[in-house]
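What the coordinates show
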Amino acid sequence: MELIQNTPDLSAYLAADEVIDHHHPLVRRTAARLARDAEDSYAYARLAFEFVRDTIPHSQDSGDPRVTWRASDVLEQGTGICYAKSHALAALLRAEDIPTALCYQKFDVVHGLVAVRFNGAWHRQDPRGNKPGVDAQFSLDGERLAFAPDPEFNELDYPVLYAEPHPLVVDALRAAPDRAYLWKTLPTAL
């Protein structure tokens, strides 16, 4: 699948906004701590991915009712669903000047991922969190995502790489008082 930037301006994939708030002090401190153990930007990207995947539980898996959507809130509260975890990873990567896009897949509901740009190409990564039957890994040599869409069931990969989180995703997260409500209002398509 060919990935398509929704804007040709690569600097848009480094920008901060209300959701990907990589100028927030907590995001900056976390990025600096991770960067101390990285010899280069590739190693940093892997460390940031593993940090979000492994230390911030997916709220559905952990039973946490809180809904986070802003990257700094995900890091502060230590919980989030796929979208929120993707926002946190995007902020950590952009904090270290690694172009990062938000991207999505469609299953019963829309699933959130990120894509990082290295060596002139985009590479999708899924920081959702592993569990039995899910083994997402950081990879620049072929995708190692949590889920593979099955076209027979109307599942698909959206090819668009967004510089900002999709508005349907942000609206659903912001409107949800808790995860149970959010589960009833997740976007089913983009």
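For the structure given in this document, a descriptive report is provided here. Note that the coordinates shown come from a computational prediction; the quantities given were computed from them, not determined experimentally. (Residues numbered from 1 in each chain as written. Predicted model: local features only at pLDDT ≥ 70, side-chain atom pairs only at ≥ 80, totals over all residues. Heavy atoms only, no water.)

1. Some words on the overall build of the chain
Stated formally: Under the DSSP-based scheme used, a helix requires at least four consecutive residues in state H or I and a strand at least two consecutive residues in state E, with every element numbered from the N terminus. Taken over C-alpha atoms, the radius of gyration is set against a globule rule of 2.2 Å times the number of residues to the power 0.38. Residue exposure (1.4 Å probe, protein chains only): buried if accessible area is under 20% of the type maximum, exposed if over 50%, otherwise partly exposed. Here, residues are in contact when the closest pair of their heavy atoms is within 4.5 Å.
Across its full length, the chain holds 7 helices and 6 strands. Overall, the chain shows an N-to-C arrangement of helices and strands of β-α-α-α-α-α-β-β-β-β-β-α-α. Computed over its C-alpha atoms, the radius of gyration of the chain comes to 15 Å, within 12% of the 16 Å expected for a compact globule of 190 residues. Expressed as lengths along the three principal axes of its C-alpha atoms, the size of the chain is roughly 40 × 35 × 35 Å. Within the span of the chain, comprising 190 residues, buried residues form 52% of the whole. By sequence separation, contacts in the chain at least 24 residues apart represent 60% of the contacts at least 6 residues apart.

2. So, the sheet that holds strand 4 (residues 121–125)
How we decide: When DSSP locates at least two bridges between a pair of strands, those strands are taken to pair. Interaxial angles span 0 to 180 degrees and are taken between N-to-C directions of axes, which are lines fitted to C-alpha atoms, for helices over the stretch in contact.
What the 4 strands build is an open sheet, ordered 4-3-2-5; its pairing is antiparallel. What marks the edges here is a single partner per strand, and that holds for strand 4 and strand 5 (156–157). Bridging between strand 3 (residues 110–118) and strand 4 involves 5 bridges; their strand directions are antiparallel. Within the sheet, the bridge partner assigned to A115 lies in strand 4 and is R124. The strands touched by helix 5 (residues 82–95) are strand 2 (100–106) and strand 3; relative to strand 3, the strand with the most contacts, the crossing angle is about 15 degrees.

3. A word on the nonpolar core
Rule in force here: Only buried residues count toward a nonpolar core, which is a set of Ala, Val, Leu, Ile, Met, Phe, Trp, Tyr and Cys residues joined through side-chain atoms within 4.5 Å.
Ranked by size, the top nonpolar core spans 49 residues in total, and within it Y44, Y83 and L92 carry the most contacts. Of all the elements in the fold, those that place two or more residues in this core are helix 1 (25–36), helix 2 (41–55), helix 4 (71–77), helix 5, strand 2, strand 3 and helix 6 (167–175). Counting residues per element, this core draws most heavily on helix 5, at 10 residues. Grouped together as the second largest cluster of nonpolar side chains are 11 residues, A12, Y13, W122 and L145 included.

4. Some remarks on the pattern of salt bridges
The criterion, for reference: Take a side-chain nitrogen of Lys or Arg and a carboxyl oxygen of Asp or Glu: if they are within 4 Å of each other, that pair is a salt bridge.
Applying the stated criterion across every chain, the model contains 11 salt bridges. Across the pair R70 and E18 runs a salt bridge whose closest N-O atoms are separated by 3.3 Å. With a gap of 52 residues between them, R70 in the loop between helix 3 (59–62) and helix 4 and E18 in the loop between strand 1 (4–5) and helix 1 connect regions that are remote in the sequence. On the basis of relative accessibility, which here comes to 22%, the residue R70 falls in the partly exposed class. The shortest N-O distance in the salt bridge between R174 and E18 comes to 2.4 Å. You can see R174 sitting in helix 6 and its partner E18 sitting in the loop between strand 1 and helix 1, a full 156 residues away along the chain. Residue R174 is classed as partly exposed on the basis of its relative accessible area, which comes to 40%.

5. Thoughts on the environment of R128
Assignment of secondary structure puts R128 in the loop between strand 4 and strand 5. Considered as a pair, R128 and G112 are 16 residues apart in the sequence and their alpha carbons are 8.2 Å apart. If we ignore the near neighbours within four places in the chain, the residues touching R128 are H58, D61, C82, K85, H111, V134, A146 and F147.

6. Let's talk about helix 2
Each full turn of the α-helix corresponds to 3.6 residues, which orients residues three or four apart in the same direction. Convention followed: How far a helix is expected to stretch is found by multiplying one less than its residue total by 1.5 Å. Counting of polar contacts relies on pairs of N or O atoms within 3.5 Å, with two restrictions inside protein: one atom must be capable of donating a hydrogen and the other of accepting it, and residues adjacent in sequence are counted only when both atoms are side-chain atoms.
Here helix 2 is 15 residues long and its end C-alpha atoms lie 20 Å apart, about the 21 Å a rise of 1.5 Å per residue gives. Turning to helix 2, its buried residues are A43, Y44, A45, L47, A48, F49, F51, V52 and R53. Where the residues of helix 2 are buried, they touch helix 1, helix 4, helix 5, strand 3 and strand 4. Its side-chain oxygen at 3.2 Å from the backbone nitrogen of Y42, D40 defines the N-terminal cap of helix 2.

7. Digging into unusual backbone geometry
Its identity as a non-glycine residue notwithstanding, D97 has a phi of 60 degrees, on the positive side. If you trace the backbone, D97 turns up in the loop between helix 5 and strand 2. Even without being glycine, N154 reaches a positive phi, approximately 65 degrees.

So yeah, pure geometry; function would need other evidence.
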